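Below are the chains, spelled out letter by letter.
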Amino acid sequence: MTAKTKEEKRGLLIVYTGNGKGKTTAALGMCVRAVGYDWKISIIQFVKGSWKYGELKGIKKLEPNVELMTVGEGFVGIVDDTKDFKEHVKAAKEGITVAIEKIKSEKFNIVILDELNVAYKLGLVNQEDIESLLKANPPKQHLVITGRDAPDWLIEKADLVTEMKEIKHPYQQGIMAQKGVDW
Ligand code: ATP
Ligand code: MG
C-alpha cells in the first residue's frame, strides 16, 4: 500500500511556526473542525495574557469539547514584567507537568501547546522538557505546538510543519490590532 492510500489512524505532531500571523489561528481552526466530530481538545497556553477576549469567549462556546488552561506567568522581559526570571521558569515547568498529565490522560483527541516554542526560545523550558511531552503522547492523539522560532530538532521530529511567513502585516503600516482579527 502506498502512503497515499494508507488509512491508518495515527496521532500527528504538528508545528505551526514562523513570524507571520496565523499560528494560533490555525490551531483554533483545528478545534472548530474537531468539535464537528464531537472530539475533545485541550489547549494549554504557555504565555499568560496572550489570548484575547474573542478567542477566550469563543472557546467557552465550544465547551465542554474544548478546554483551555493557562500555565505561564505572563509576558517575559517586557516593561511591565516585574517578575523574576526564576518565577517564569517555575511556572513554565509546572506547565510541563500539567501538560504531561493532560497528554497522558487519554481524554483528548488533540492537545494544543500554544506558544511552547516561545517558552523554549526564552529558556523557560528545555529540550528534555519538550521531549518528555512528546514521549508521553498516546499513539492516536494529535499534538500541536505553536510559536515562532520552532527549534530544528522539533521540526525534525514533527510530521507536519507549517511556517507562517510574513508577507505583509497591518502593524507595519501603523494599523492597530483589530477586533475579530487580532483580539
Ligand atoms: P494569531 O493569534 O493572530 O494567529 P500568531 O499566533 O501567529 O497570531 P503570535 O506570535 O502568537 O502570532 O502573536 C500574537 C499576536 O501578535 C496576535 O495578536 C497577532 O495579531 C500579532 N502578530 C502576529 N504576527 C504578527 C506580525 N508578523 N506582526 C505584527 N503582529 C503580529
Ligand atoms: Mg500565537
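Residues numbered from 1 in each chain as written. Chains lettered and ligands numbered in written order. Predicted model: local features only at pLDDT ≥ 70, side-chain atom pairs only at ≥ 80, totals over all residues. Heavy atoms only, no water.

1. Concerning the overall build of the protein chain
Our working rule: What counts as a helix is a DSSP run of H or I of at least four residues, what counts as a strand is a run of E of at least two, and both are numbered from the N terminus. Partly exposed residues are those whose accessible area sits between 20% and 50% of the maximum for their type, while under 20% is buried and over 50% is exposed, using a 1.4 Å probe and protein chains only.
The secondary structure content of the protein chain amounts to six helices and six strands. Start at the N end of the protein chain and walk to the C end: the helices and strands fall as β-α-β-α-β-α-β-α-α-β-α-β. With respect to the three principal axes, the spread of C-alpha positions in the protein chain is 55 × 35 × 35 Å. Here the protein chain holds 183 residues, and the buried ones make up 40% of them.

2. Quick notes on the packing of helix α3 (residues 85-104) against helix α5 (residues 127-136)
Applied cut-off: Between N-to-C directions, angles span 0 to 180 degrees; the directions come from axes that are lines fitted to C-alpha atoms, helices contributing only their stretch in contact. Should an angle fall under 35 degrees it is taken as roughly parallel, and over 145 as roughly antiparallel, whereas 65 to 115 is taken as roughly perpendicular and any remaining angle as oblique. Only heavy atoms enter the contact rule, under which two residues are in contact if any of them lie within 4.5 Å. Here the term charged refers only to Asp, Glu, Lys and Arg, the term nonpolar to Ala, Val, Leu, Ile, Met, Phe, Trp, Tyr, Cys and Pro, and the term polar to all other amino acids, Gly among them.
Running from N to C, α3 and α5 cross one another at 10°; their axes reach a closest spacing of 9 Å. It follows from the interaxial angle that α3 and α5 lie roughly parallel. On the side of α3, the interface is formed by Lys93, Ile96, Ala99, Ile100, Ile103 and Lys104, while α5 contributes Asp129, Ser132, Leu133 and Ala136. Split by residue class, the contact of α3 with α5 holds six nonpolar, one polar and three charged.

3. Side note on the site of ligand 1
How we decide: We call a residue near a molecule or strand when any one of its heavy atoms sits within 4 Å of it. N or O atoms closer than or at 3.5 Å make up a polar contact, with two conditions inside protein: a donor-capable atom paired with an acceptor-capable one, and, for residues adjacent in sequence, both atoms drawn from side chains. In these tables, accessible area is a Shrake-Rupley quantity obtained with a 1.4 Å probe, and a residue counts as shielded only by the protein chains included in the view.
Taken together, 13 residues lie around ligand 1, and Lys21, Thr25, Glu115, Glu166 and Asp182 are the ones closest in. A distance of 2.4 Å separates an oxygen atom of ligand 1 from a polar side-chain atom of glutamate 115. At 3.3 Å from a nitrogen atom of ligand 1 is found a side-chain nitrogen or oxygen belonging to histidine 169. Protein chains bury 79% of the 580 Å² of accessible surface belonging to ligand 1 in isolation. A per-class count over the shell around ligand 1 returns one nonpolar, six polar and six charged.

4. Some remarks on the nonpolar core
Generally speaking, soluble globular proteins have nonpolar side chains that are buried together. How we decide: We define a nonpolar core as any set of buried Ala, Val, Leu, Ile, Met, Phe, Trp, Tyr and Cys residues linked to one another through side-chain atoms lying within 4.5 Å.
Counting residues in each nonpolar core, the largest one holds 27 residues, and the members touching the most others are Phe46, Leu113, Leu116, Ile130, Leu133, Ile145 and Leu154. Top contributing element to this core by residue count: α3, with five residues. When neighbours within four sequence positions are excluded, leucine 154 is seen to be in contact with Leu13, Val15, Asn117, Ile130, Leu134 and Ile145. Ranked by size, the runner-up nonpolar core spans 15 residues in total, among them Ile14, Ala34, Trp51 and Val66.

5. Overview of the coordination of the magnesium ion (ligand 2)
Definition in use: With water omitted from the atoms examined, metal sites may look incomplete; donors here are N, O and S atoms no farther than 2.8 Å from the metal, or 3.2 Å in the case of Na, K and Ca.
Taken together, the protein donors to the magnesium ion (ligand 2) comprise Thr24 (OG1) and Glu115 (OE), at separations of 2.1 to 2.4 Å. Note that threonine 24 is positioned in helix α1 (residues 23-35) and glutamate 115 in the loop between β4 (110-114) and α4 (116-121), a separation of 91 residues in sequence. With respect to class, threonine 24 is no different from glutamate 115; both count as buried.

6. Let's talk about the sheet that holds β4
Here is the rule we go by: Note on pairing: two strands pair once DSSP finds at least 2 bridges between them.
What the six strands build is an open sheet, ordered β3-β2-β4-β5-β1-β6; its pairing is parallel. A single partner strand is all that each edge strand has here, and the edge strands are β3 (66-70) and β6 (160-163). Taking the axes of each pair of neighbouring strands and ignoring which way they run, one obtains an average angle of 15° across the sheet.

7. Remarks on the pattern of salt bridges
As a reminder, the rule being used: The term salt bridge refers to a pairing of a side-chain nitrogen on Lys or Arg with a carboxyl oxygen on Asp or Glu at a separation within 4 Å.
Across all of its chains, the model carries seven salt bridges by this definition. The closest approach of N and O atoms between arginine 10 and aspartate 159, which form a salt bridge, is 3.0 Å. Linking arginine 10 in the segment before β1 (13-17) with aspartate 159 in the loop between α6 (152-157) and β6, this pair joins segments that are 149 residues apart in sequence. Assessed through its relative accessible area of 39%, arginine 10 is described here as partly exposed.

8. Structural notes on the pairing of β3
Worth spelling out the cut-off: By convention a crossover is right-handed if, when the strands point away from the viewer, the path from the first strand over the helix to the second runs clockwise.
Where strand β2 (residues 41-45) and β3 come together, five bridges link them in parallel fashion. Counterpart to isoleucine 43 in the pairing with β3 is leucine 68. At this point the chain moves from β2, through helix α2 (residues 53-61), to the parallel β3, and the crossover so formed is right-handed.

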